[in-house]
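Coordinates in review
What follows is the residue order along each chain.
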Amino acid sequence: MKKIHYEEKPKLNNLYILMLFFLFIYGIYKNGLIVSNNMALIHSIILILIGPLSGLILDLIFEKKVGKFTLYGFLLSISMPYNTNILWFSLFLIPYYLLLNSKLKINPVIMFHVLFVFLFSLSYENILEANVPLFYGMLDTFFGRSIGGIGTTCLWILIISFIFFSTRFYYKKEIPLLSLGSFCICSIIYDLITKNNALFLHLLNPTVFYLTVFLLPLNEYSPILKKNQYIYAILTGIMMYIFSFYKPILGLYIGAFIISLGLGIGKLLSKKRN
Amino acid sequence: MKNISIKRDFSIKVNSRVTSLLRPIEVFLPYDTSILLKKKEVKKGELLYDINGKRVFSPISGTIKEVVKDKNNNTYLVIENNYKEELIRKKKLNFKEKLEYFKPELLNKLNSNNDILYLNAICDNPYDVSSIFLLQNKTKEILEILDELRIEGHFTKVILLLKESDTESITALESNLGTYPFIFLHLLPPIYPIGDINVLKENYPIDGVVLNPDEAYSLYKAVFLNEAMTERYITITGEIKNPQVILVKIGTSLLEVLKELKIAKYYGKLDKILSEPINGKEIILKEDNSCWFVCDKDKEKERKCISCGKCIECCPRNCKPIFNDYKNCISCGLCSYVCPSYIHLGGKQNEKNSL
């Protein structure tokens, strides 16, 4: 009965996939085309597409349309480091998809990213970055030339994504705003204490944007009530900042994972209590 | 409360002419078994009994047949129509006595020490044109009674509340307002469900007595015609060939109306728009339900909740449907309307109530 239902319903997931597709294009450009290495190009394409394609197959089997598995497959594979082993990653996708349907509401993308990178001690540099000493400036970072996940380095696409998502009714836009805000405030405080001038260095980290814009506001893995959403966003921003000292990129995921773990356990306990 | 405006499907067009179906075989009136009714024969407009502080008048002349119960355990008195339309009119009563006799529940309202009288003519349901038809067809009568109430009730002014989007009603009222200097029009944003009195009071500084068009028209009939309200407009719309407004006797069975209109096959596909389905139940057209929507196509399947929290965010009464907290619920159906998983949250509340 579409006539008496809110209209924008299916569009947020599609918009997510569309924006991820743009990130994917930039990902293969940065990690394959610039490097001028055919193997690197093929590796990038397979690594990024393995998630959404396997998800699509599952979606077509169970739902008969593009849905949750495709989106979550895409979100995970695009965030992986370039050095990810495709075979191991494919095996990792099985428990990942199983977790998607479980009652434990820990953000699966963040959790599997942390586990995989930690387990295989992966670095986020691609072939070029690992072999040639590169010094990325602020504009480079803005246009996507920085170290990070295979498809999550293009800052301007991430910012545009946020603008588009914010127009959608079902997107929790307060979460990215507040987590970025708290991350920024932490950075300013630290700069004031240490008299450092690294605010933009921290803020222009595209992984921060990818996490806050794409992963933190995922409806199923974020709080329902507005007040809780604010607390969740602020705490995640702070934790991301703290753990970024441990490792600049993986640390962000670890910080977000700790809060997501707490939230997931809290949700599970409150469900059992009810 | 999030500002939600319900979009209307303009392919559903209601016929501009009203169909009168004023000869029902029988009518069903709300009844309580504790009431002792000795009469057998009743006349149209005859006072039968009081129930929950409201007076029940017979909408037809005929014979009292039986007392029945519906699936929700509501009791009804059945009156069989003799088609004579023998009318009873109360005469030689002054203004207050008329109100006391016909609408005692409104008398207390009007006696309260308020300065302003409001007419809540806001139509929330985008498919319900019943009140628009009433306002258009009975504009003069409604304005006349409002002015009379202003004088008798010592109100300083009368404010007509309408949505900015209700252009037809605005036009109908504006063209007649010139002769009533103390009646003013006030337009409100087209937010759903601002027509609900609780939501209206929260969003608009109302300090006075609020009437709706049906109440105003029934008062007109009582004061100027010495008659009780016996009929009302209802809209039957949706995915049917000929959506229309029908004038029916209060207490008519909806199934009988659909049979008359030759669309009885849609009975199981009716929805009280934005509220929940009433499939399979006997529906009696009471005073408060004015629109029935036929959904011929299958509804979207309910999916698992994705915890977006929009049902909580949109609720005008701060309920938390996702946590089964329906305190202060007004059954506006907004939670079901915005749910991306097509979960009938408002419906779950209705089911609970009926159990």
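Computed from a predicted model, the values in this text were never measured in an experiment.

Details of the overall build of chain B
A tally of helices and strands in chain B yields 11 helices and 15 strands. When burial is assessed residue by residue, chain B has 55% of its 355 residues classed as buried. Residue pairs in contact within chain B that sit at least 24 positions apart in sequence constitute 67% of those at least 6 positions apart. Of the accessible surface of chain B, which amounts to about 17000 Å², a share of 47% is contributed by carbon and sulfur atoms.

Looking at the overall build of chain A
Within chain A, the regular secondary structure consists of 13 helices and zero strands. Shown N-terminal to C-terminal, the secondary structure of chain A runs as helices and strands in the order α-α-α-α-α-α-α-α-α-α-α-α-α. Radius of gyration (C-alpha) of chain A: 18 Å, near the 19 Å computed for a compact globule of 274 residues. Considered along the principal axes of its C-alpha atoms, chain A spans approximately 55 × 45 × 35 Å. Across the 274 residues in chain A, those meeting the buried criterion constitute 54%. Of the contacts formed within chain A by residues at least 6 apart in sequence, a portion of 73% connects residues at least 24 apart. Accessible surface, chain A as shown: approximately 12700 Å² in total, 72% of it carbon and sulfur.

Here's the deal with the sheet that holds strand β11 (residues 208–211) of chain B
Residue and element names in this part refer to chain B. Pairing in this open sheet of four strands is parallel, and the strands run β10-β9-β8-β11 from one edge to the other. On the outer flanks of this sheet lie β10 (183–188) and β11, each paired with one strand and no other. Between one strand axis and the next, the sheet turns through 25° on average, direction left out of account. Pairing analysis gives five bridges linking strand β8 (residues 116–120) to strand β9 (residues 157–163), with the strands arranged parallel. Opposite Leu117, over in β9, you have Val158 as the bridge partner. Running over the sheet, helix α7 (residues 213–225) touches β8 and β11 and is turned about 90° from β11.

Concerning the nonpolar core
Counting 91 residues, the largest nonpolar core has Leu75, Tyr210, Phe214 and Leu215 of chain A as its most contacted members. Looking at this core, the element that brings in the most residues is helix α1 (residues 11–33) of chain A, giving 10 residues. Filtering out sequence-adjacent residues up to four positions away, Leu75 of chain A remains in contact with Tyr16, Leu20, Val109, Tyr210, Phe214, Leu215 and Leu218 of chain A. Of all hydrophobic cores here, the second largest spans 39 residues; its members include Ile132, Leu160, Tyr180 and Ile250 of chain B.

Some remarks on the pairing of strand β6 (residues 62–69) of chain B
Residue and element names in this part refer to chain B. Inspection of the sheet shows strand β3 (residues 41–42) paired to β6 by two bridges, in the antiparallel sense. Bridge pairing in β6 links Val42 to Gly62. Two strands pair when backbone bridges link them, and β6 and strand β7 (residues 75–81) are joined in this way by seven bridges, in the antiparallel orientation. Bridge assignment links Val68 to a residue of β7, and that residue is Tyr76.

Quick notes on the side chain of Ser182 of chain A
Residues and elements named next belong to chain A. As for its position among the elements, Ser182 is in helix α9 (residues 174–194). Look at Ser182 and you get buried, because its relative accessible area is 7%. Residues contacting Ser182, with those up to four places away along its chain left out, are Ala233, Ile234, Gly237 and Ile238.

With respect to the pattern of salt bridges
Tallying each qualifying case throughout the model produces 16 salt bridges over all chains. A salt bridge links Lys105 of chain A to Glu220 of chain A; the shortest N-O distance between them is 3.0 Å. Taken together, the residues Lys105 of chain A in the loop between α4 (86–100) and α5 (108–119) and Glu220 of chain A in the loop between α11 (206–215) and α12 (226–243) connect sequence positions 115 residues apart. Each member of the pair Lys105 of chain A and Glu220 of chain A is classed as buried. In this structure, Asp214 of chain B engages Arg232 of chain B in a salt bridge whose closest nitrogen and oxygen atoms are separated by 3.7 Å. Remark: Arg232 of chain B occurs in strand β12 (residues 231–238) and Asp214 of chain B occurs in helix α7; sequence separation between them is 18 residues. For Arg232 of chain B, a relative accessible area of 5% puts it in the buried group. Among the ionic contacts, a cluster of salt bridges with common partners joins Glu174 and Lys226 of chain A together with Lys310 and Glu313 of chain B.

A few points about a nonpolar patch on the surface
On the surface, a nonpolar cluster with roughly 570 Å² of combined accessible area is contributed by Leu87, Trp88, Leu91, Ile94 and Leu98 of chain A. The residue Ile94 of chain A is located in helix α4 in this model.

Considering the pairing of β10 of chain B
All names here are of chain B. Judged from the six bridges that link them, β9 and β10 form a sheet pairing that is parallel. The residue of β10 that forms the bridge with Leu162 is Leu187. For the crossover that starts at β9, traverses helix α5 (residues 167–174) and ends in the parallel β10, the hand is right-handed.

Section: unusual backbone geometry
All names here are of chain B. Note that the residue after Tyr192, namely Pro193, is joined by a cis bond; omega there is -5°. Tracing the chain through its elements places Pro193 in the loop between β10 and α6 (197–203). Here the phi dihedral of His154 falls at roughly 55°; this positive angle occurs in a residue that is not glycine. One non-glycine residue, Asn328, adopts positive backbone phi at about 70°. The residue Asn328 is located in the loop between α9 (310–314) and α10 (334–338) in this model. Given the relative accessible area of 45%, Asn328 is considered partly exposed.

A few points about the confidence of the model for chain B
Residue and element names in this part refer to chain B. Overall, the predicted model of chain B reaches an average pLDDT of 81, with 87% of residues at or above 70. Predicted confidence is poor over residues 273–282, with pLDDT under 50, and the contacts of this stretch with residues over four places away or in other chains come to 33 contacts. Note on the complex model: pTM 0.79, ipTM 0.80.

Overview of the packing of aromatic side chains
Each pair of aromatic rings is reported with the distance of its centres and the angle of its planes. Applying the stated criterion across every chain yields a total of 30 aromatic pairs over all chains. Ring centres 5.5 Å apart and planes at 55° place the aromatic pair Tyr96 of chain A and Tyr97 of chain A in the tilted group. The exposure classification of Tyr96 of chain A matches that of Tyr97 of chain A, with both residues buried. Ring geometry for Phe116 of chain A versus Phe120 of chain A: centroids 4.6 Å apart, planes at 35°, classification tilted. Overall, the relative accessible area of 1% leaves Phe116 of chain A in the buried class. Put simply, the rings of Phe69, Trp88, Phe89, Phe92, Tyr96, Tyr97, Phe112, Phe116 and Phe120 of chain A touch in pairs and so form one group of aromatic residues. If you follow Lys157 of chain B out to its NZ or CZ, it ends over the ring of Phe184 of chain B, 5.8 Å from the centre. If you follow Lys310 of chain B out to its NZ or CZ, it ends over the ring of Phe169 of chain A, 4.8 Å from the centre.

About the thresholds
- Residues numbered from 1 in each chain as written.
- Chains lettered and ligands numbered in written order.
- Predicted model: local features only at pLDDT ≥ 70, side-chain atom pairs only at ≥ 80, totals over all residues.
- Heavy atoms only, no water.
- Helix = DSSP H or I, 4+ residues; strand = E, 2+ residues; numbered from the N terminus.
- Buried < 20%, exposed > 50% of the residue type's maximum accessible area, 1.4 Å probe, protein only.
- Contact = heavy atoms within 4.5 Å.
- Areas by Shrake-Rupley, 256 points an atom, 1.4 Å probe, with all protein chains shown as cover.
- Rg over C-alpha atoms; globule rule 2.2 N^0.38 Å.
- Pairing = 2+ DSSP bridges.
- Axes fitted to C-alpha atoms, helices over the stretch in contact; angles between N-to-C directions.
- Core = buried A, V, L, I, M, F, W, Y, C linked by side-chain atoms within 4.5 Å.
- Salt bridge = Lys/Arg side-chain N within 4 Å of Asp/Glu carboxyl O.
- Patch = residues over 30% accessible without salt bridge, like charges linked within 9 Å, V, L, I, M, F, W, Y side chains within 5 Å.
- Right-handed = clockwise from strand over helix to strand, strands pointing away.
- pLDDT = per-residue confidence, 0-100.
- Phe/Tyr/Trp six-rings, centres within 6.5 Å; stacked < 30°, edge-to-face > 60°.
- Lys NZ or Arg CZ within 6 Å of the ring centre and 35° of its normal.

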